[in-house]
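# Residue-level structure breakdown
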Amino acid sequence: MHQRGRWPLIITFLAPGLILYTVFVLSSFAQGVQISFTNWTGFTPTLEYVGLDNYVRLFRDGAWWRAVSHNAVLLIVIPVLTLGLAMLFAALITRGGAGNLRAMPGAELYRVLFFFPQVVPVVIIGIMFSYLYASRGGLLQGVLQMLGTDLLTVIPNGPLGNPDTILLAIALASVWSSVGFYMVLFLSAMGGVPTELYEAAALDGAGRVRSFFHVTLPLIWTHAQTALIYLGIGTLDSYALIAVMAMTGTAGDFGADVMSTYLYRTAFSFNSQFGYAAAMGTVMMLASVALALVTFRLTRREEMQY
């Protein structure tokens, strides 16, 4: 195709998507940033600009920094457990990451079973794990009773009622729901690695573990990097699961409040402080961008071709 005639075709295909993205996404971001400089309650027709007052208040808000610290804990626990288990399961199914699904009996069945939690709504997962952690009639309580002990003896007030365990309990639910998705992602990446490379590594005396770290992992590193960024941004939100599993916004939230739940209460419960909540949302948006850039920078490696 002639160089001059190619650009109108490219613009024709890109324009509808860019227009929709600008109208429904970028404009919302811009409006949220605008509202963050006001004291709007969400109900008045006019906006009174207060400059940086909301951001100064946010910087001094102890409850906000408490929520930030909880997000920081989840940002460590959830990605490490989720991606670590996903990589492990993918390697086991392909027998060391060799990319051959047929090498493992029942590999396709395992793929479906592990991916199944991904299609279950987050609210259902939250309710299900809440019952699992219940001190009366819960699955965990039943297992401990079989072992001759009681859940409340091991964990006072239960996993969701103890500030020392509630974040870990919620994180485990998040890991269970998403590990299958990333396992399938890594399986797809491993399936594209030529088997000749594993044969050459075997001739050099490399076992499965060594082949994984010296052949598989370097060649699927870009997939792992993308998964880490995507999962990290998702963990910054974590609203739905925490809203279901923890009583956020009450005296009994038990230490599980995160930025998104605090933002929601500020906008809809605390006298409808939409301007202050918009400042929180703006900070969360900037934090997501910064997290993606920092993660990409720290995990960047020279791309390997095969």
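Residues numbered from 1 in each chain as written. Predicted model: local features only at pLDDT ≥ 70, side-chain atom pairs only at ≥ 80, totals over all residues. Heavy atoms only, no water.

### A closer look at the overall build of the chain
So the rule is basically this: Comment: elements are numbered from the N terminus, with helices defined as DSSP H or I runs of at least four residues and strands as E runs of at least two. Note on definitions: a residue-residue contact is assigned when non-hydrogen atoms from the two residues lie within 4.5 Å. Each accessible area value is a Shrake-Rupley result obtained with a 1.4 Å probe; residue values ignore everything except the protein chains displayed when judging cover.
Helix and strand content of the chain: 14 helices and zero strands. Element order for the chain, N to C, with α for helix and β for strand: α-α-α-α-α-α-α-α-α-α-α-α-α-α. In terms of overall dimensions, the chain has C-alpha extents of about 80 × 70 × 30 Å along its principal axes. Long-range pairs, those at least 24 residues apart, make up 66% of the contacts in the chain between residues at least 6 apart in sequence. Surface summary for the chain: the accessible area is close to 17,800 Å², and the carbon and sulfur share equals 68%.

### Regarding the packing of helix α5 (residues 122-132) against helix α8 (residues 166-191)
For the record, the criterion: Structural elements are reduced to axes, namely lines fitted to C-alpha atoms, with helices fitted over the stretch in contact, and the angle between N-to-C directions of any two is expressed from 0 to 180 degrees. For classification, angles of less than 35 degrees are called roughly parallel, those exceeding 145 degrees roughly antiparallel, those between 65 and 115 degrees roughly perpendicular, and all remaining angles oblique. Note: crossing handedness is left-handed where the near helix turns anticlockwise from the far helix by less than a right angle, and right-handed where it turns clockwise. By the convention adopted, Pro, Cys, Tyr, Trp, Phe, Met, Ile, Leu, Val and Ala count as nonpolar, Lys, Arg, Asp and Glu as charged, and the other residues, Gly among them, as polar.
Two elements in contact, α5 and α8, have axes separated by 10 Å at closest approach and are oriented at 130°. In terms of orientation, α5 and α8 fall into the oblique class. Crossing hand, α5 versus α8: right-handed. For the pair α5 and α8, contact is made by Ile 125, Met 128 and Phe 129 and by Leu 172, Ala 173, Trp 176 and Ser 177, respectively. Considered class by class, the residues forming the contact of α5 with α8 number six nonpolar, one polar and no charged.

### Notes on the pattern of salt bridges
Just so we agree on the cut-off: Here, a salt bridge means any side-chain nitrogen of Lys or Arg that lies within 4 Å of a carboxyl oxygen of Asp or Glu. Think of it in three bands: residues with accessible area under 20% of the maximum for their type are buried, residues over 50% are exposed, and the middle band is partly exposed, with areas taken using a 1.4 Å probe on protein chains only.
For the structure on display, the rule yields one salt bridge. Of the charged contacts, one joins Arg 265 and Asp 257 as a salt bridge, the two residues approaching to 2.8 Å between their closest N and O atoms. Classification of Arg 265 by relative accessible area gives buried; the value is 11%. We classify Asp 257 as buried; its relative accessible area is 3%.

### Considering the nonpolar core
Condition: Nonpolar cores are built from buried Ala, Val, Leu, Ile, Met, Phe, Trp, Tyr and Cys residues. Side-chain atoms within 4.5 Å join them into one set.
Counting 46 residues, the largest nonpolar core has Met 87, Ile 170, Phe 186, Met 190 and Met 245 as its most contacted members. Sorting elements by how many residues they give to this core places α8 first, with 14 residues. Not counting residues up to four positions away in its chain, the partners in contact with Met 245 are Gly 126, Phe 129, Ser 130, Tyr 133, Leu 160, Ala 169, Ile 170 and Ala 173. Counting residues in each nonpolar core, the second largest holds nine residues, with Leu 58, Trp 64, Met 259 and Met 280 among its members.

### Side note on the confidence of the model for the chain
Defined as follows: As a per-residue quantity, pLDDT reports the predictor's confidence and falls between 0 and 100.
Considering every residue of the chain, the mean pLDDT works out to 85; 91% of them sit at 70 or more. Every residue in residues 248-252 is under pLDDT 50, and counting partners more than four places away or in other chains gives nine contacts.

### Focus on helix α14 (residues 274-298)
Think of an α-helix as turning once every 3.6 residues; residues three or four places apart then point the same way. Spelled out, the test is: Given a helix with a known number of residues, its expected span is that number minus one, times 1.5 Å.
The end-to-end C-alpha distance of α14 is 35 Å, a good match for the 36 Å that 25 residues give at a rise of 1.5 Å each. Regarding α14, the residues found buried are Gly 275, Tyr 276, Ala 277, Ala 278, Ala 279, Met 280, Thr 282, Met 284, Ser 288, Ala 292 and Thr 295.

### Things to note about α5
Stated precisely, the cut-off is as follows: The arc in question is the one spanned by the directions pointing from the helix axis to the C-beta atoms.
Within α5, burial applies to Ile 125, Gly 126 and Phe 129. The buried side chains of α5 occupy one side of the element, clustering within an arc of 100° when seen end-on. On its buried face, α5 is in contact with α8 and α12 (239-245).

### Overview of the packing of aromatic side chains
Our working definition: Two rings belonging to Phe, Tyr or Trp (six-membered ring only in the last case) form a pair when the distance between their centres is within 6.5 Å. Interplanar angles under 30 degrees mark stacking, angles over 60 mark edge-to-face geometry, and anything in between is tilted. For a lysine, the NZ atom is tested; for an arginine, the CZ atom; a charge sits over a ring if that atom is within 6 Å of the ring centre and within 35 degrees of the ring normal.
If you walk through the whole model with that rule in mind, you get 12 aromatic pairs. With 5.2 Å between their ring centres and 85° between their planes, Phe 212 and Phe 213 make a pair best called edge-to-face. One aromatic cluster in this structure is built from Trp 40, Tyr 239, Tyr 264, Phe 268 and Phe 274. One cation-aromatic arrangement involves Arg 57 over Tyr 276; the distance from NZ or CZ to the ring centre is 3.8 Å.

### Considering the environment of Ala 67
With respect to the secondary-structure elements, Ala 67 resides in helix α3 (residues 62-93). Setting aside its immediate chain neighbours within four residues, Ala 67 contacts Asp 257, Val 258, Met 259 and Tyr 262.

### Considering unusual backbone geometry
The backbone of Asn 157 shows a phi angle near 70°, a positive value even though the residue is not glycine. In this structure, Asn 157 sits in the loop between α7 (151-154) and α8. You can call Asn 157 exposed: its relative accessible area is 61%. For Ser 238, which is not a glycine, the phi torsion comes out positive at approximately 55°.

### Brief notes about the packing of helix α13 (residues 259-268) against α14
Viewed as axis vectors pointing N to C, α13 and α14 meet at an angle of 160°, and their least axial separation amounts to 7 Å. Looking at the two axes, α13 sits roughly antiparallel to α14. The two elements α13 and α14 meet at a crossing, and its hand is left-handed. Listed contacts from α14 to Met 259, Ser 260, Tyr 262, Leu 263, Thr 266, Ala 267 and Phe 268 of α13 are Phe 274, Tyr 276, Ala 277, Met 280, Gly 281 and Met 284. Across the contact of α13 with α14, the residue classes break down as 10 nonpolar, three polar and no charged.

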